Amino acid sequence: MHLGFIGLGNMGGPMAHNLVKGGHRVKAYDVDRERLSGAARRGIVAVNAAAEVAEGSDVVFLSLPTHLVVRDVAIGRGSLLQAMTPRSILVDLSTSLPAVTQEIAHEAAGRSVEVVDAPVSGGVEGAEAGNLTVLVGGKKPVVEKIWPLLTTIGDPKKIFHVGDVGTGHGMKLIHGLINAATLVGIAEALVVGRKSGIDPQMMFDIISVSRGNSGIFQSRAPRMLDGNFSAAFAIDLKYKDMTLALNLAQDLKIPVVVAEAARAVFQMARAKGLGGSDIAAVVTVLEEWAGVTVRRRK
Ligand code: NAD
């Protein structure tokens, strides 16, 4: 199968690479020339525009930062849809807004192009290992066609066909609310514990074998303890995801108090200039107030 891929970032880069390793020819584009040439060194055919990716591709994947960029690439200035072959499929792996996905699907229908949303969870580690969770929205026969490709980037046991177009993106936003609020809770707990005199490594060891443990704790608490804030998932991107989820709740007239508070902490981190840092860096907001850090002894 001839595949296209747009957006070779922290997630897109390894996902595209796994599709190459799965035996597919992958043509790709990214506005960042360094990321594009890095991907070319790993067997990807680099091209110079989104529309070029579409030419001759049976399936085109997107892994882009925001719903606005997705919209722009698909049906705005990127003109991707116009260049796609009839009966080809556009798969959006980004975390995006269901309404935007549905708008793109509506336009695509006029060109006999199908759209599937397939946002992922599991971080850069999961993208590299090819064992992501994938939340799929789309028509059943179309989803069945791309299923083998999804098993190249995700763990077959963790790929879910949620429902119609847009439902994958909706589910992803809901899940994101949980790990964002949990992350801020983890940062608060570690800082309070440290200020009260408990050793950070001791806290980590105890929480790891207790009910407070979670996937997000295992992925981000070690980064907090090591002060490793190089972005695997940037604060700006997570803030975008939280805002999309809060907008969804607002449209449904549901007050989401904890998520609002968590987003405020993310905004404080952005105000400190940490938008490009990893989400684990939210801990520094709490550390600043408390006058301690949670770094473990080397
Ligand atoms: P990233 O910023 O590392 O990658 C995005 C890539 O898109 C960059 O390489 C950028 O140059 C490229 N890009 C931007 N505009 C473009 C355009 N117009 N045309 C072509 N390329 C363009 O982000 P990421 O962390 O890889 O996240 C990608 C998506 O996956 C986001 O929607 C994010 O919310 C979601 N996500 C990220 C994680 C994570 O842990 N990083 C986990 C789950 C979901």
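Attention in this report is confined to the structure presented alongside it. (Residues numbered from 1 in each chain as written. Predicted model: local features only at pLDDT ≥ 70, side-chain atom pairs only at ≥ 80, totals over all residues. Heavy atoms only, no water.)

**A short note on the pairing of strand 5 (residues 89-92)**
Phase 1 of the analysis: Every second residue of strand 5 is oriented toward a common face, with Ile89 and Val91 on one face and Leu90 and Asp92 on the other, all of them buried.
Phase 2 of the analysis: Pairing analysis gives four bridges linking strand 4 (residues 59-62) to strand 5, with the strands arranged parallel. Following the sheet pairing, Val60 is matched in strand 5 by Leu90.
Phase 3 of the analysis: Pairing of strand 5 with strand 6 (residues 114-117), which is carried by four bridges, proceeds in the parallel orientation. Residue Ile89 lies in a different strand from strand 6, and its bridge partner there is Glu114.
Phase 4 of the analysis: In this fold, the crossover linking strand 5 to strand 6 by way of helix 6 (residues 98-109) has right-handed handedness. (Buried < 20%, exposed > 50% of the residue type's maximum accessible area, 1.4 Å probe, protein only. Helix = DSSP H or I, 4+ residues; strand = E, 2+ residues; numbered from the N terminus. Pairing = 2+ DSSP bridges. Right-handed = clockwise from strand over helix to strand, strands pointing away.)

**Observations regarding the site of the ligand**
Phase 1 of the analysis: Taken together, 26 residues surround the ligand, and among them Asn10, Met11, Asp30, Leu64 and Ala232 come closest.
Phase 2 of the analysis: At 3.4 Å, a backbone N or O of Val31 approaches a nitrogen atom of the ligand.
Phase 3 of the analysis: Between the ligand and the protein, one listed contact pairs an oxygen atom with a backbone N or O atom of Leu64 at 2.8 Å.
Phase 4 of the analysis: Compared with its free state, where it exposes 830 Å², the ligand has 88% of that area covered by protein.
Phase 5 of the analysis: Elements supplying a minimum of two residues to the shell around the ligand: helix 4 (67-75) and helix 12 (235-251).
Phase 6 of the analysis: Here the element with the most residues in the shell around the ligand is helix 12; it accounts for three residues. (Near = heavy atom within 4 Å. Polar contact = N/O pair within 3.5 Å; in protein donor to acceptor, adjacent residues only side chain to side chain. Areas by Shrake-Rupley, 256 points an atom, 1.4 Å probe, with all protein chains shown as cover.)

**A look at the nonpolar core**
Phase 1 of the analysis: Of all hydrophobic cores here, the largest spans 57 residues; its most connected members are Phe5, Ile6 and Leu90.
Phase 2 of the analysis: Within the second largest apolar cluster, 33 residues are counted, among which are Ala187, Met203, Ala221 and Ala269. (Core = buried A, V, L, I, M, F, W, Y, C linked by side-chain atoms within 4.5 Å.)

**Considerations on the packing of aromatic side chains**
Here the distance between the centres and the angle between the planes together describe a pair of aromatic rings.
Phase 1 of the analysis: Counted under the stated rule, the structure contains two aromatic pairs.
Phase 2 of the analysis: Here Phe5 and Phe61 contribute two aromatic rings whose centre-to-centre distance is 5.8 Å and whose plane-to-plane angle is 25 degrees, an arrangement assigned as stacked. Placement of the pair is Phe5 in strand 1 (residues 2-6) and Phe61 in strand 4, with a sequence separation of 56 residues.
Phase 3 of the analysis: Residue classification places Phe5 among the buried residues on the basis of a relative accessible area of 0%.
Phase 4 of the analysis: Residues Phe204 and Phe217 carry aromatic rings whose centres are separated by 5.4 Å and whose planes lie at 15 degrees to one another, so their mutual orientation is stacked. Placement of Phe204 in helix 10 (residues 200-208) and of Phe217 in helix 11 (residues 215-226) is noted, with a sequence separation of 13 residues between them.
Phase 5 of the analysis: Lying across the ring of Tyr239, Arg270 places its NZ or CZ 4.1 Å from the centre.
Phase 6 of the analysis: The ring of Phe204 carries the charged tip of Arg296 above its face, separated from the ring centre by 6.0 Å. (Phe/Tyr/Trp six-rings, centres within 6.5 Å; stacked < 30°, edge-to-face > 60°. Lys NZ or Arg CZ within 6 Å of the ring centre and 35° of its normal.)

**What to know about helix 14 (residues 283-290)**
Structural remark: α-helix, 3.6 residues per turn; residues separated by three or four positions point the same way.
Phase 1 of the analysis: Helix 14 sits mainly inside the fold: six of its eight residues count as buried.
Phase 2 of the analysis: Against helix 9 (167-195), helix 11 and helix 13 (257-271) lie the buried residues of helix 14.
Phase 3 of the analysis: Once helix 14 ends, the next one or two residues include Gly291, with phi positive near 70 degrees. (Contact = heavy atoms within 4.5 Å.)

**Re the packing of helix 4 against helix 6**
Phase 1 of the analysis: Where helix 4 contacts helix 6, the axes come no closer than 10 Å and their chain directions differ by 5 degrees. What the angle tells us is that helix 4 and helix 6 run roughly parallel. In contact with His67, Val70, Arg71, Ala74 and Ile75 of helix 4, helix 6 contributes Val100, Glu103, Ile104 and Glu107.
Phase 2 of the analysis: Its residues assigned to classes, the contact of helix 4 with helix 6 shows five nonpolar, one polar and three charged. (Axes fitted to C-alpha atoms, helices over the stretch in contact; angles between N-to-C directions. Parallel < 35°, antiparallel > 145°, perpendicular 65-115°, else oblique. Nonpolar A, V, L, I, M, F, W, Y, C, P; charged D, E, K, R; others polar.)

These figures come from the coordinates and say nothing about function on their own.
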